[in-house]
Every structure is written in C-alpha cells, then in structure tokens.
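Structural characterization, general
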Amino acid sequence: MEEYEQKGHAPTVAEDERKGLMGGGDGPETSRDVETATTTQIPGAYYVSGGHDGMYSTPALPGPVPRSLKNTAEKKRWYILALFCYFSVEECICWFTFSSVPEASEEYYGISLATLNMLLNWGAIVFIILAPLVSALLTYKNGLRICILYGVWAVFFGACIRTIPCFVSEELRQKDGMIAVLHIGQIVVSLANPSMMISVAQLSCTWFPDNERTTATAIAFTSTSVGIALGFVIGPQVVHTSSEMPHLLYLEIAISVVPLLFVTIHFPSAPHSPPSAAARTHQSSFNEKPLETPVAPKLSFQLSSLLPKKWFKGLLVCLKRKNAVLVILAGGVEAGVSSGWISLIPLVLSSYNYTPQQAGWMGCANTIAATVGCVTSGAIVDKFLPYHMKSLICVECLLAILAFSWITLSLPSVMFAEPPIPSNIYTVSAALILAGLFQGAMYPVFLELAAEVTFPVGEGTSTGLITFLFNTLLLTVDTVFSYVRLDILNLVETCVLIVCGAMVLASTGIKYQRREVGKETLPGVN
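How each quantity is defined
- Residues numbered from 1 in each chain as written.
- Predicted model: local features only at pLDDT ≥ 70, side-chain atom pairs only at ≥ 80, totals over all residues.
- Heavy atoms only, no water.
- 1 Å grid on protein atoms, 1.4 Å probe; cavity = no way out; pocket = protein on both sides within 12 Å on 5 of 7 lines; lining within 4 Å.
- Points joined across faces, edges and corners; volume = space filled by probe spheres on them.
- Helix = DSSP H or I, 4+ residues; strand = E, 2+ residues; numbered from the N terminus.
- Nonpolar A, V, L, I, M, F, W, Y, C, P; charged D, E, K, R; others polar.
- Buried < 20%, exposed > 50% of the residue type's maximum accessible area, 1.4 Å probe, protein only.
- Contact = heavy atoms within 4.5 Å.
- Axes fitted to C-alpha atoms, helices over the stretch in contact; angles between N-to-C directions.
- Left-handed = near helix turned anticlockwise from the far one by under 90°.
- Core = buried A, V, L, I, M, F, W, Y, C linked by side-chain atoms within 4.5 Å.
- Polar contact = N/O pair within 3.5 Å; in protein donor to acceptor, adjacent residues only side chain to side chain.
- Lys, Arg positive; Asp, Glu negative; His and termini not counted.
- Salt bridge = Lys/Arg side-chain N within 4 Å of Asp/Glu carboxyl O.

Here the focus is empty space enclosed by the protein. Per the counting criterion, the structure on display carries 7 cavities of 30 Å³ or more. When its volume is computed, the largest cavity comes out at roughly 300 Å³. Lining the largest cavity are 20 residues, with W95, T224, I228, S339 and F470 positioned closest to its centre. Going through the elements one at a time, α3 (76-95), α10 (192-198), α12 (210-238), α16 (322-343), α18 (356-383) and α21 (459-480) are the ones with two or more residues in the lining of the largest cavity. The dominant element in the lining of the largest cavity, judged by the number of residues it contributes, is α12, at 4 residues. Of the residues in the lining of the largest cavity, the class split is 12 nonpolar, 7 polar and 1 charged.

Here it is in structure tokens:
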C-alpha cells in the first residue's frame, strides 16, 4: 500500500463504493476485499475481488493510465457485427425452413404436423444440451472465433445434408430412413444456435465502446428476428407447390456459403486494443491456455477443458445475487414464451380463417416491428438512459401488456366466443405490430441489464442463462400447444408479461457496474 500512497493513490475504498461496484446491494456477496493490482490487472487502479481466490476482479478507483492502455474502438468492429448478423440471419432462415411452408413440407415429405414441429424444436433441444459448453468456451481467449467458426460450418453441412432426400424417388423420400436424414440435417443446422445466441452480449462488449454497446447488442440480437421475418416471406415466395421444395433448400445452401468463407478467412475474437474498461477487464481474466483455432471444424479440444473452474464460479456468482436471478428469470421467460408465440403465429391465425399468405405477412410485420423496437431501444439506452434500464424495461413491458390485451380481446378465445373488441385484418395487424415493437424493445435491455448486475462475470455466462431459459420455454410452448387449444396462447403471453414485469419491479438497488468501471477507471473512449 505504501507504493500506491507515494503515487498519490487513495489508500482505502469506502464500503458503500465497494458494494456499489460489485454487489448491486443484494446481500452478503457485496462485501469484497480490496487488493492491489497484479500483472494481469490494469495499472494504476485498486481491484475489488469477486471471490476468495480473487478470480473476479474489477477496477475500483482510477489512477494514472498509460497511453498504451487508452481505450480505442477499431473500425473493424462494424465488419465483425455485420458478419455476425449475416450469420444469424441465415441460421434462422435455415432453422425456420419447414415451418415457413408447412403444407408443402407435409406433402413433399409425407410428414405430420407433429414431425414438422419436431424439426423446429431441434433448435431449442440442441441449445439446451450445448449451452453450458458454449458459455464456458467463451471464457477462453479465442473462444468467440471458435464458436462462430463452428456455427457457420454447422449451418453449411446441415443445409447440405437436408438435400439428400431430394435426390431419391418420392416413395423412398417418404420412408422413415429419409425422414431420419432430414432430422439429422436439421440437428446439424441447430448446432449453430448456441454459438449465435450466447455470444451476442460478449461480442458487443468485446468490440464496442460503452456508448455503442447496447445498440450493438440490439442489432446483433435482432438479426434473429430479421431471419425469421425473411423466412416468413422467402419460403412462400420460392415454394408455390410441394415439388418446388428443393429450390428452397438449394437457395439456403447458397446463402450459407458467404459467412462460411468470410469467418474462416478473418474473424478475430477481439480487437488489438480493447474499446472499454469492461472489455479490458474481461480480456485480462480469460483463461490463459488458448484453444487451437481450426481452419475447418474438427474436435481440437477435450470436453473436460471446456468447463473450467472459473466458469463454474461465475455461474455461482450469478445465482447468488437476487437482482441477477430476477433479471435473468424475467428476461429468459418473457423471451422464450414470446418466441414460442411468434413461431406459432401462422397456425394461430390460420385457426381464425386467415389465409397462409395473410398469416405470413402478418407474422413478418410482427417480427419487423420487433427488430425496429430492439434497435431503437438499444440506441435510447446508449444515448439517453444508460443508468435507467430497469425503468425502461418496466415501461416497455406495460405497453406490451396493453398490446397483447388488445389482441386477446380482438379474437375469439376460451373466454369469449364473440370477442369484445370488433376486429378485421387491419386492426389485428396493427395490434401484432405494436406487440412486436414493445416485445423486441425489451430483449437487448434485458441482456445488457443482466450483464451489468452480474459483472465482472463474463457476458457469456449471463447471456447463456437467459438464452437457456429462452430455449427451454420456447420448446415447452411449441410442445404444449401442439396438443392444446391455440386460442389461449394470446392470454398466456399476456399473463407471462405481467409476471415478468413484476419480477423486474422486485429487483431493488440495481448498480450498473460495467458502466461505473468504464467511467471511473479508463475515461476517454474514442
């Protein structure tokens, strides 16, 4: 401590500052020991330890910052974000292939609605199985590149496998063996799902400065909605009869080649200079043993190396904080049920005598509105409300509840044989657009707020937990509503929004820890 006093550093940190930086005011875990900097920490700053072994450390008080440690945001970040978004879009299009043209798929392959839903559900099933591995993989220095690289190759190989039944006779194509090949192809495509969803917040934190981070998260996250929206439109436009089904599969192979080539050639895990103090903190805490980055996918690491002790400790930190649990639960449950509802829009609207084309365009309008809401909300947080994410989520949730109440009261349901509010295609479309707008607006704010209340645990862990719940609920909704009445789904979504809003309101004393670190430790982000 004497060395720091000679340099003009404050020798102590007040207890309330320590709690504000590390614990979010949520209980015993907010008490931390103050440690001096080590060789892996930022020079000129005290560190507040996140565990008894000092595994998680966050800068507490600023000191002189060498020029070499100034935060700079590279222009390459926009290339990284654009390539990631393209990958997300094409993965969602491939995942949504058969649900975008359900009647043609059933006729071409001779499958039932249950089989069609199973092809869609492989995305959630594979995610639930692989989520812990991908989340742990992101704790390595080059983990982000490995995740995205394996993802683009998985989509390409899966898309190719799904075309195999197209080269056999109709009789053989509808046999169990060829249907199994179809499932295998869909499973391989779904291997990319965890890499795409879990890495969103980490990519934005790694490549973007504080004043662009939420916007980057929103753009990356909404690329999935863009993919689904395009799936609603591309499928029906390409496939007019069941015999044209192969044309859609060949098109998807073509679009999957672009990210495969670009990611394989150049997609670094991190910039040369971190854009923010939070990014620098995470990079200094990555597992030192790097993974081998293959040119083409091969199993170049052992399973046991993917679940390091540090990842388990970070998981426990998240689960011990009350605010973290409430935010993660609310975000995961709301996103999962909403996505299940979106995936069933064509079936729900068809049950109300809308044509497949009308249902497709209405579903597309909903997802486009979600995209607009997501990006707009991210920009609002970065520009005006960086320390009011909780309040923004509550407002957006209330507006979404009102929009879904409009939908519920406009359509026949188990409660109303005759809906209380008169409706037509235009009013229902307007309600769907508003619902998508406010639903989409919540997604990036949930991801960023979860990263704030769990910091300095890596974004891959908090995002992994939210998306794990997301896919679990998505699978549950798609499975349950294959056997029960679809007309209660709107009511269920309205109730879920109310419960999730209450959970966010119950989180108290939220501290925006990543932003505080960036403000106090390394100012002057370019």
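After presenting the structure, the write-up continues.
This brings us to the side chain of E396. Within the secondary structure, E396 is located in helix α19 (residues 389-410). Overall, E396 belongs to the buried group, its relative accessible area being 6%. Those residues within four positions of E396 in sequence are excluded, and the remaining contacts are S377, F438, A441, M442 and V445.

The contact between α3 and helix α7 (residues 143-161) brings their axes to 10 Å, and the two run at 35°. At the point where α3 passes α7, the crossing takes the left-handed sense. Between α3 and α7, the residues in contact are F84, F87, E90, E91 and C94 and I148, G151, V152 and V155, respectively. Considering only residue class, the contact of α3 with α7 consists of 6 nonpolar, 1 polar and 2 charged.

Counting 111 residues, the largest nonpolar core has I148, L203, F267, W341, I407 and L449 as its most contacted members. Counting residues per element, this core draws most heavily on helix α20 (residues 425-454), at 13 residues. The residues contacting I407, other than those within four sequence positions of it, are W341, A431, L432, A435 and N490. Residues V101, Y108, L119 and L182 belong to the second largest nonpolar core, which totals 15 residues.

Turning our attention to the environment of T454. Locating T454 in the fold gives a position in helix α20. In this view, T454 contacts C318, R321, A324, I328, S462 and Q513; residues no more than four positions away in its chain are not counted. Engagement of the side chain of T454 in a polar contact is seen with the backbone oxygen of A450, the distance being 2.7 Å.

Bringing the side chain of E90 into the picture now. Locating E90 in the fold gives a position in helix α3. Notably, E90 is buried but unbridged: the nearest opposite-charge side chain belongs to R162, and the N-O separation is 8.4 Å. Not counting residues up to four positions away in its chain, the partners in contact with E90 are V155, I255, S256 and P259.

On to the pattern of salt bridges. Under the criterion given, the structure shown has 5 salt bridges. With a shortest N-O distance of 2.5 Å, R162 and E252 are connected by a salt bridge. Taken together, the residues span a long stretch of sequence, with R162 in the loop between α7 and α8 (170-173) and E252 in helix α13 (residues 245-265) at a distance of 90 residues. A single burial state applies to R162 and to E252, both of which are buried. For R213, the salt bridge is made with D210, and the minimal N-O distance between the two is 2.8 Å. Of the two residues, R213 and D210 are both situated in helix α12; the distance of 3 residues between them amounts to about one turn of the helix. On the accessibility criterion, R213 (0% relative accessible area) is buried. You can call D210 buried: its relative accessible area is 13%.

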